[in-house]
Amino acid sequence: QVQLVESGGGLVQAGGSLRLSCAASEDTIRAYVMSWFRQAPGKEREFVTLIDRSGAGTDYADSVKGRFTISRDSAKNTVYLQMNSLKPEDTAVYYCAAHRYYAGRDRRLYPYWGQGTQVTVSL
C-alpha cells in the first residue's frame, strides 16, 4: 500500500515562495509516477505537475510553467514542489498522488493520494 504525506504548506504573500514535500512509503518514488494536483474552494481538483519514474521526464500545467519545479530525492523517498512567484490564484489545497504506470493529467486515474496541504497566497 502506497502512503503519501504532504507538508510545507502555509500562508505567503504574493511574489513569495514555498516548497512542498511529499514523503512516500519505501521505494515508491522510483517505482511510481509522482504528481501534484491542487483544489481551490468550489473548483475541481486540477493537475499541476508530474515527474515520471525515471526522474527525467516532467510535465507542467500552463498556469504554473516557469514558476513551479518538481523534483525528487530517491534516497529520502520524497518529492518536492518548489513554488516561486506565487499568485493569489495559486491558493488551494495541494495533493500528492502516485500511479504505477500512468504519466498523465487525469486525476481520476490516480489510485494513491495524500491528505493535502493548504497553500494560501495573500495580496
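Scroll up to find the structure this text is about.
These numbers were taken from a predicted model, which means no experiment stands behind them. (Residues numbered from 1 in each chain as written. Predicted model: local features only at pLDDT ≥ 70, side-chain atom pairs only at ≥ 80, totals over all residues. Heavy atoms only, no water.)

1. As for the overall build of the protein
A count of helical and extended segments in the protein gives one helix and 11 strands. Against the compact-globule benchmark of 14 Å for 123 residues, the protein has a radius of gyration of 13 Å, which places it among compact chains. Across the 123 residues of the protein, 45% fall into the buried class. The long-range share in the protein, meaning contacts at least 24 apart out of those at least 6 apart in sequence, stands at 58%. Total accessible area computed for the protein in this model is approximately 6,200 Å², and 46% of it derives from carbon and sulfur atoms. When the 15 positive and 12 negative side-chain charges of the protein are each reduced to one mean point, those points stand 1 Å apart. (Helix = DSSP H or I, 4+ residues; strand = E, 2+ residues; numbered from the N terminus. Rg over C-alpha atoms; globule rule 2.2 N^0.38 Å. Buried < 20%, exposed > 50% of the residue type's maximum accessible area, 1.4 Å probe, protein only. Contact = heavy atoms within 4.5 Å. Areas by Shrake-Rupley, 256 points an atom, 1.4 Å probe, with all protein chains shown as cover. Lys, Arg positive; Asp, Glu negative; His and termini not counted. Charge placed at Lys NZ, Arg CZ, Asp CG, Glu CD.)

2. Some details on the pairing of strand 9 (residues 92-99)
Counting buried residues in strand 9 gives eight out of eight residues, a clear majority hidden from the surface. Bridging between strand 4 (residues 33-39) and strand 9 involves seven bridges; their strand directions are antiparallel. Bridge pairing in strand 9 places Phe 37 opposite Tyr 95. As judged from the three bridges shared by strand 9 and strand 11 (residues 117-122), these two strands associate in the antiparallel manner. Paired with Tyr 94 across the two strands is Thr 117, which belongs to strand 11. Sheet topology note: the strand 9/strand 10 (residues 112-113) ladder contains two bridges and is antiparallel. When the bridges of strand 10 are listed, Ala 97 appears paired with Trp 113. (Pairing = 2+ DSSP bridges.)

3. Remarks on the sheet that holds strand 1 (residues 4-7)
On the basis of which strands lie adjacent, the open sheet formed by four strands has the order 1-3-8-7 and antiparallel pairing. Edge positions in the sheet fall to strand 1 and strand 7 (68-73), since each of these pairs with one other strand and no more. Averaged over all pairs of adjacent strands, the angle between their axes in this sheet comes to 20 degrees, without regard to strand direction. Here strand 1 pairs with strand 3 (residues 18-24) via four bridges, running antiparallel. Each residue of the ladder has a partner; that of Leu 4, found in strand 3, is Ala 24. (Axes fitted to C-alpha atoms, helices over the stretch in contact; angles between N-to-C directions.)

What is shown is where atoms sit, not what they do.
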